[in-house]
Amino acid sequence: MSTEPRLITARFFWRFTCAIDEEPVQWMRRMDRRVFQYLLLTPEGYATREELQKIFWPDQDAKVSQLSLRTVCSNIRKALGALLGTDETANYFAVLEKTLNVNLEFVNVDVRRYIAHVRSANVAYVSGDMNTARVHFRRAIAIYRGHIGWGDEREAWLEPLASECAELQRGAIERFADLSRLSGVLLDNDAGLSSASSG
């Protein structure tokens, strides 16, 4: 009898958390977590070794950064394996010759869901499908919990995405409010939406 795959749930809004079946992933080192976070937000769930070395070890010699990345890969496997089991970890995180890969089928990332809802809402809004637009705007607004958090430090590469999401949220709230006024339906929580728009 087959079992449903377990999901890695990652939340970036407000402060980063990562868990499997609500059990927090225990990272051995901060750098291990940082690299995994980066992979979670790449468009296709992977990054090249060279890309990661340039971002996380920009001032190190190539051989030294290669060794550092190798250590990170090993630690990520251990952190995930502690919850998934060693045999299952490769289905979620794979280290290939030139890339590090996260299987996006087995992850649930709030930022990805948020952007998908906003995009679907905007498409529906422009096409005149107001009911669909309302549903997606409402879901997106509920996901957004303030400026994207990272952890113990700021990451320069993350700032553009954080700013993009903040701008998307402002637009989502404005269009959702417009749709509510047009349909004569009051917003569920005006104060909450106003607070979210400033996050």
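Now for a look at the structure at hand. Since the model is a prediction, treat every value here as computed from it, not as a measurement.

## Overview of the sheet that holds strand E2 (residues 17-20)
Then, number 1: Taken together, 4 strands build an open sheet; the order of strands is E3-E2-E1-E7 and the sheet is mixed. With one partner strand each, in any of the chains shown, strand E3 (23-24) and strand E7 (107-109) form the two edges of the open sheet.
Then, number 2: Relative to E7, strand E1 (residues 8-11) is paired through 3 bridges, and the arrangement is parallel. Its bridge partner being in E7, alanine 10 is matched across the sheet by valine 109.

## Some thoughts on the side chain of serine 65
Then, number 1: Position of serine 65 among the secondary structure elements: in helix H3 (residues 62-84).
Then, number 2: Overall, the relative accessible area of 2% leaves serine 65 in the buried class.
Then, number 3: In this structure the side chain of serine 65 is engaged in a polar contact, spanning 3.0 Å, whose partner is the side chain of glutamine 53.
Then, number 4: If near-sequence neighbours (up to four positions away) are discounted, serine 65 is found in contact with Gln53, Trp57 and Gln60.

## Notes on the nonpolar core
Then, number 1: Counting residues in each nonpolar core, the largest one holds 47 residues, and the members touching the most others are Val35, Phe36 and Val111.
Then, number 2: In terms of nonpolar packing, the next biggest core, distinct from the first, is built from 9 residues, Ala133, Phe137, Ile141 and Phe176 among them.

## Examining the sheet that holds strand E6 (residues 99-102)
Then, number 1: Spatially, 3 strands are ordered E4-E6-E5 in an open sheet, and the strand pairing comes out antiparallel. Because the sheet does not close on itself, it has two edges, and the strands there are strand E4 (46-48) and strand E5 (93-95). The average angle at which neighbouring strand axes cross in this sheet is 10°, direction not considered.
Then, number 2: Judged from the 3 bridges that link them, E4 and E6 form a sheet pairing that is antiparallel. Along E6, the bridge assignment pairs tyrosine 46 with asparagine 101.
Then, number 3: Of the strands in this sheet, E5 and E6 touch H3, which is tilted by about 155° from E5.

## Notes on unusual backbone geometry
Then, number 1: Residues other than glycine seldom take positive phi values, yet aspartate 21 does so here, at roughly 55°.
Then, number 2: With respect to the element layout, aspartate 21 can be found in the loop between E2 and E3.
Then, number 3: With a relative accessible area of 49%, aspartate 21 lands in the partly exposed category.
Then, number 4: In the Ramachandran plot, glutamate 22 falls in the positive-phi region, its phi being about 70° despite a non-glycine side chain.
Then, number 5: Tracing the backbone shows glutamate 22 in the loop between E2 and E3.
Then, number 6: For glutamate 22, a relative accessible area of 77% corresponds to the exposed category.

## Thoughts on helix H6 (residues 130-143)
Then, number 1: Here H6 contains 14 residues, and its C-alpha end-to-end distance of 20 Å stays within 8% of the 20 Å for a straight helix at 1.5 Å per residue.
Then, number 2: Within H6, the full set of buried residues consists of Ala133, Arg134, His136, Phe137, Ala140, Ile141 and Ile143.

## Some points on the packing of aromatic side chains
Then, number 1: One pass over the full model with this rule turns up 11 aromatic pairs.
Then, number 2: Between tryptophan 27 and phenylalanine 36 the ring centres are 5.3 Å apart and the planes differ by 45°, which places this aromatic pair in the tilted class. You'll find tryptophan 27 and phenylalanine 36 in the same group, each marked buried.
Then, number 3: Between tyrosine 38 and tryptophan 157, the aromatic rings sit 4.6 Å apart at their centres with planes inclined by 75°, giving edge-to-face as the arrangement. Of the two residues, tyrosine 38 sits in helix H1 (residues 30-41) while tryptophan 157 sits in the loop between H6 and helix H7 (159-183), which places them 119 residues apart along the sequence.
Then, number 4: Residue tyrosine 38 is classed as buried on the basis of its relative accessible area, which comes to 10%.
Then, number 5: Take tryptophan 157: its relative accessible area is 24%, and that puts it in the partly exposed class.
Then, number 6: Put simply, the rings of Tyr38, Phe56, Trp57 and Trp157 touch in pairs and so form one group of aromatic residues.

Conventions and cut-offs
- Residues numbered from 1 in each chain as written.
- Predicted model: local features only at pLDDT ≥ 70, side-chain atom pairs only at ≥ 80, totals over all residues.
- Heavy atoms only, no water.
- Pairing = 2+ DSSP bridges.
- Helix = DSSP H or I, 4+ residues; strand = E, 2+ residues; numbered from the N terminus.
- Buried < 20%, exposed > 50% of the residue type's maximum accessible area, 1.4 Å probe, protein only.
- Polar contact = N/O pair within 3.5 Å; in protein donor to acceptor, adjacent residues only side chain to side chain.
- Contact = heavy atoms within 4.5 Å.
- Core = buried A, V, L, I, M, F, W, Y, C linked by side-chain atoms within 4.5 Å.
- Axes fitted to C-alpha atoms, helices over the stretch in contact; angles between N-to-C directions.
- Expected span 1.5 Å × (residues − 1).
- Phe/Tyr/Trp six-rings, centres within 6.5 Å; stacked < 30°, edge-to-face > 60°.

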